[in-house]
Amino acid sequence: MEREWRCKKCDTLLGVERGARLHLRYKQAQYVVDGDDYNVIAVCRNCSDVNERGGTQEPPRPVAASG
Ligand SMILES: [Zn+2]
């Protein structure tokens, strides 16, 4: 099973989730995040929005917007 992880703001593809693993790729580098209890924060390369993802699902916290 494969699921795309996209920026919540601009829909840019951040990574691909394959089963329990999260695959992240940027240019020449490729990262695989594995484990039951991980927490990954990705800053979108397009809009710089912060996207957070964890193995344990938590409700999103409200973030105070500045600017
Ligand atoms: Zn974005």
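Just so we're clear, the structure is a prediction, and the values are computed from it rather than from any experiment. (Residues numbered from 1 in each chain as written. Predicted model: local features only at pLDDT ≥ 70, side-chain atom pairs only at ≥ 80, totals over all residues.)

1. With respect to the pairing of strand β2 (residues 13-18)
So, step 1. Here strand β1 (residues 2-6) pairs with β2 via five bridges, running antiparallel. Counted as the bridge partner of Glu-4 is Val-16 from β2.
So, step 2. Where β1 folds back on β2, the antiparallel hairpin that results is connected by six residues, among which Asp-11 adopts a positive phi of roughly 70°.
So, step 3. Where β2 lies against strand β3 (residues 21-26), three bridges are found, and the strand directions are antiparallel. When the bridges of β3 are listed, Val-16 appears paired with His-23.
So, step 4. The turn joining β2 and β3, which pair antiparallel and follow one another in sequence, is formed by two residues; a positive phi near 65° is taken by Gly-19. (Pairing = 2+ DSSP bridges. Helix = DSSP H or I, 4+ residues; strand = E, 2+ residues; numbered from the N terminus.)

2. So, unusual backbone geometry
So, step 1. Phi at Asp-11 is positive, roughly 70°, even though this residue is not glycine.
So, step 2. Tracing the backbone shows Asp-11 in the loop between β1 and β2.
So, step 3. One non-glycine residue, Ser-48, lies in positive phi territory at about 65°.
So, step 4. If you trace the backbone, Ser-48 turns up in the loop between β5 (39-43) and β6 (50-54).
So, step 5. Accessibility expressed as a C-beta count within 10 Å gives 10 for Ser-48, which makes it exposed. (Buried ≥ 20, exposed ≤ 12 C-beta atoms within 10 Å, placed from the backbone.)

3. As for the sheet that holds β3
So, step 1. Taken together, the four strands give an open sheet; going across it, the order is β1-β2-β3-β4, and neighbouring strands pair in antiparallel fashion. Two strands lie at the open edges of the sheet, namely β1 and β4 (29-33), each paired on one side alone. Looking at each pair of strands side by side, their axes are set apart by 25° on average, direction ignored. (Axes fitted to C-alpha atoms, helices over the stretch in contact; angles between N-to-C directions.)

4. Overview of the environment of Tyr-38
So, step 1. Summarising the element assignment, Tyr-38 is placed in the loop between β4 and β5.
So, step 2. Residue class for Tyr-38 comes out partly exposed when judged on the 14 C-beta atoms lying within 10 Å of it.
So, step 3. Sequence spacing of Tyr-38 and Leu-22 is 16 residues, and the spatial spacing of their C-alpha atoms is 9.8 Å.

5. A short note on the confidence of the model for the protein
So, step 1. Per-residue confidence for the protein averages 87 on the pLDDT scale, and 88% of its residues sit at or above 70.
So, step 2. For the protein, the element scoring lowest by mean pLDDT is β3, at 90; β1 scores highest, at 94. (pLDDT = per-residue confidence, 0-100.)

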